[in-house]
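Chain by chain, the residues:
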Amino acid sequence: MAQGTRQQRSTSRSSGRSSGRSSGARGWREAVPAPLVLVTGTEQVLAERAVARVTALQRAEHPELEVVGVDATSYEGGALEAVASPSLFGEPRLAVVTGAEAPAERFEPDLRAYLAAPADDVVLVVRHAGGSGGRKVLEVARAHAGAVLVDCPPLKKDAEKLEFVGLEFEAARRRIAAPAARALVDAVGSDLRELSASCAQLVADTSGTVEVEDVTRYYGGRVEATGFRVADAVVAGHRAEALALLRQAVATGLDPVPIVAVLAARLRQMVLVGGSRGRGDEVAKALGMAPWMVDRTRRELRGWTPGALGAGIVLLAETDAAVKGGGRDPVYALERAVLALCDAHER
Amino acid sequence: MTVWDDLVGQEEAVAVLRRAAALGSGALAHAWLFTGPPGSGRSTAARAFAAALLCDTGTGCGTCHACRTAVQGTHADLRVVATELLTLRIDAVRELVQAAQRRPSTGRWRIILVEDADRMLERTTNVLLKAVEEPPERTVWLLCAPSPEDVLPTIRSRARPVRLRVPPVAAVADLLVRRDGVDPAMAAFAARAAQSHVGLARRLARDEGARTRRREVVRTPLDLSGPTDAVVRAGELVDVASEEASSSTAERDARERAELLRTLGVEPGRAVPPALRSQVRALEEDQKKRATRLRRDVLDRALLDLLSVYRDVLVLQLGADVDLVNASMVEDLRALASRGGPAATLGRMDAIGTARERIQANVNPLLAVEAMCVALLPEPVGAA
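Fair warning: this is a prediction, and the values are worked out from it, not measured in the lab.

Asks: Pulling in residues and values, what's your account of the overall build of chain B?
Replies: Looking only at helices and strands, one finds 16 helices and five strands in chain B. With 384 residues in all, chain B has 46% of them scored as buried. Summarising the internal contacts of chain B: among those between residues at least 6 apart in sequence, 71% fall at separations of at least 24. Total accessible area on chain B stands at roughly 18,700 Å², and carbon and sulfur atoms take up 51% of it.

See the structure below:
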């Protein structure tokens, strides 16, 4: 067993994809069957894939594999033992325990008892969906020698999402052009489930290398509009783009209140950066911002006078009151503010 | 000594209340609405009136058991309702309606005193209507609000009004010297700086930190020269308010939580069982609401101090013959007064008023104060 552990560890190190994960944990693509597999992380899609991968690998080796689901939140004493006890025909079994982040009282002692004497032909997969609950379960599972630890953190950076798209196509033995992948992430990148579904659809409905045209045909006109993108367009003075993004954001269900907050935070940053002298990193330190934010804000400041920024803040305070019930139509108030801010920007 | 001693500068109201307290059942109005600016002593007046009604000697002697317990709000027949949250809960008010039906146990009257009648939503107020209109023979309602407009007309028309005025500065200073043993010079300063708000004056007189904070706040107009100053200064104002609010709540929040857990039988350090979590959550929500209210109140107080500066500037600009609130910074005030005309000063006072309204209307406090500071800049910024 110890031998096997060392091998598994070294695989995860050499893969180079474990950055940002807790030490010893691996990504879902490296999930392999083991007496105990612990799947942590909040990204449900990836976790499901990890579990599916473990199941598939185990089934490839043992076609008669029996898969059992156990819900830890409504766990009743003895269930683990029942799953692990030898069956009539002795088929190998794979038990998937979900909800370990909110386990019932009896689960953790049973798990501890089971792990003290694990059954030979059973793969136990424990899924912990993140959060502070079930800490003891995690401790027990992590302390178990030979446990395979899989972590599925959410993909936050665009680069990670691009890599995900690339690997999705690779797995389907297809290719996607880099600009096309970029367009796809821009269009549906905020939700990983949607992104993976979109990849699957493109694989099914197109042939050859997927190009930008293919992505536009299916997902054209869809832009992930967030308050931040609206703010980007506004401080750059791009009137039409700002308005289009704002409409898109509101139409896809974004509340006006956080958009106003983002705009206000942006203007606040610009005023503070505009009022401070010195090297970028010094200013960043003084204001508690990231250095790249200071540089970006300085570029954006070119079109703005201090007076225009001050007037913008006054306008946003008025808008904040209007979107919080002071006015009749929050969206109108917000549009008016966005247009006025774009006009205040000097061309 | 009488129960009326702590109520300063309200001779007219006291005379009315004294006469009423001497009346027997049938002649006494069954609902009273105490109105007056913050700090004028609305709840003090209401408590004193309650004490006079419940007093063993019937005069409000201030020495009998009934008087003392009534003033402290612990008398068995007196129910005091106040809230530290943003609004009074509807459940709490429904309970009052039931309590109003009971006969007094030891005293002559059952008295229900609502200190924050203005902090009721409309539907909450409607629960009270029937009970206030026709209470049982021996029940008296005492409601307090800053102004009659703060309660619904339907309540207003059912209650007898008692208007308190802003007490004279000298009377407040006197009270501080007499009751709290404050040095006369300090008492005069505090009473003037607090603009006759009794509670605030007491705090200013006794708390060095409060004086320092006030000094910082009233200097704000002098520090503003451009939008950057406005944003920085606004950030400081809001931070100071949050700090002051959280420093006074953090300890209390933790204690309340520990007490609740003990009542629920959860051992310290152990996780709260799922079945009890909703109770802990309810407490946390209350604490959060209380913190919001406190943060707003502290910030509002700072804005009022700032308003007093522009009031003084306006006094100087118009050459009015009234005392300055911030007499200690008269040179700075003259400099501010020379910067523009009364119209500009009034515009700035409006900006402060707008910020106060916006903060009450749940606008992000930082944004509201930033906008206000921009409006206070010496050079007006162009319209966006």
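Back to the write-up after that little detour.
Asks: Could you give me a rundown of the sheet that holds strand β4 (residues 122–127) of chain A, with the residues and numbers involved?
Replies: Residues and elements named next belong to chain A. Taken together, the five strands give an open sheet; going across it, the order is β2-β3-β4-β1-β5, and neighbouring strands pair in parallel fashion. Pairing within the sheet leaves two strands with one partner each, and these edge strands are β2 (66–71) and β5 (148–151). Within the sheet, the average angular offset between the axes of one strand and its neighbour, ignoring direction, is 15 degrees. Two strands pair when backbone bridges link them, and β2 and strand β3 (residues 93–98) are joined in this way by six bridges, in the parallel orientation. By the bridge assignment, Val68 is partnered in β3 with Ala95. This element, helix α2 (residues 44–61), spans β1 (36–40), β2, β3, β4 and β5 of the sheet and lies at about 180 degrees to β4. Sheet contacts for helix α5 (residues 135–143): β1, β4 and β5; angle to β1, the most-contacted strand, approximately 135 degrees.

Asks: Which residues make up the side chain of Asp116 of chain B, and what are the values?
Replies: Residues and elements named next belong to chain B. Following the sequence through the fold, Asp116 ends up in the loop between β3 (110–114) and α5 (122–133). Buried charge Asp116 goes without a salt bridge, the closest partner of opposite sign being Arg119 at 4.4 Å. If we skip the residues at most four places from it in the chain, Asp116 touches Val81, Ala82, Thr83, Leu88, Cys144 and Arg293.

Asks: Describe in detail the packing of aromatic side chains, supporting the description with residues and values.
Replies: All names here are of chain B. A complete count under the given rule lists three aromatic pairs over all chains for this structure. Pairing Trp32 with Phe49 gives two aromatic rings, centres 4.9 Å apart and planes at 65 degrees, and the pair type is edge-to-face. Of the two residues, Trp32 is situated in strand β1 (residues 31–35) and Phe49 in helix α2 (residues 42–54); the sequence distance between them amounts to 17 residues. With respect to class, Trp32 is no different from Phe49; both count as buried. In textbook terms, an aromatic cluster arises when at least three aromatic residues are bridged by ring pairs, as seen for Trp32, Phe34 and Phe49.

Asks: An account of the pattern of salt bridges is requested, with residue identities and associated values reported.
Replies: Summed over all chains, the structure comprises 41 salt bridges over all chains. A salt bridge links Arg279 of chain A to Glu282 of chain A, with the nearest nitrogen and oxygen atoms 3.3 Å apart. We note a salt bridge from Arg179 of chain B to Asp180 of chain B, for which the minimum N-O separation is 3.5 Å. On the basis of relative accessibility, which here comes to 35%, the residue Arg179 of chain B falls in the partly exposed class. Through salt bridges with shared partners, a single network forms among Asp232, Arg266, Arg296 and Glu300 of chain A.

Calculation notes
- Residues numbered from 1 in each chain as written.
- Chains lettered and ligands numbered in written order.
- Predicted model: local features only at pLDDT ≥ 70, side-chain atom pairs only at ≥ 80, totals over all residues.
- Heavy atoms only, no water.
- Helix = DSSP H or I, 4+ residues; strand = E, 2+ residues; numbered from the N terminus.
- Buried < 20%, exposed > 50% of the residue type's maximum accessible area, 1.4 Å probe, protein only.
- Contact = heavy atoms within 4.5 Å.
- Areas by Shrake-Rupley, 256 points an atom, 1.4 Å probe, with all protein chains shown as cover.
- Pairing = 2+ DSSP bridges.
- Axes fitted to C-alpha atoms, helices over the stretch in contact; angles between N-to-C directions.
- Lys, Arg positive; Asp, Glu negative; His and termini not counted.
- Salt bridge = Lys/Arg side-chain N within 4 Å of Asp/Glu carboxyl O.
- Phe/Tyr/Trp six-rings, centres within 6.5 Å; stacked < 30°, edge-to-face > 60°.

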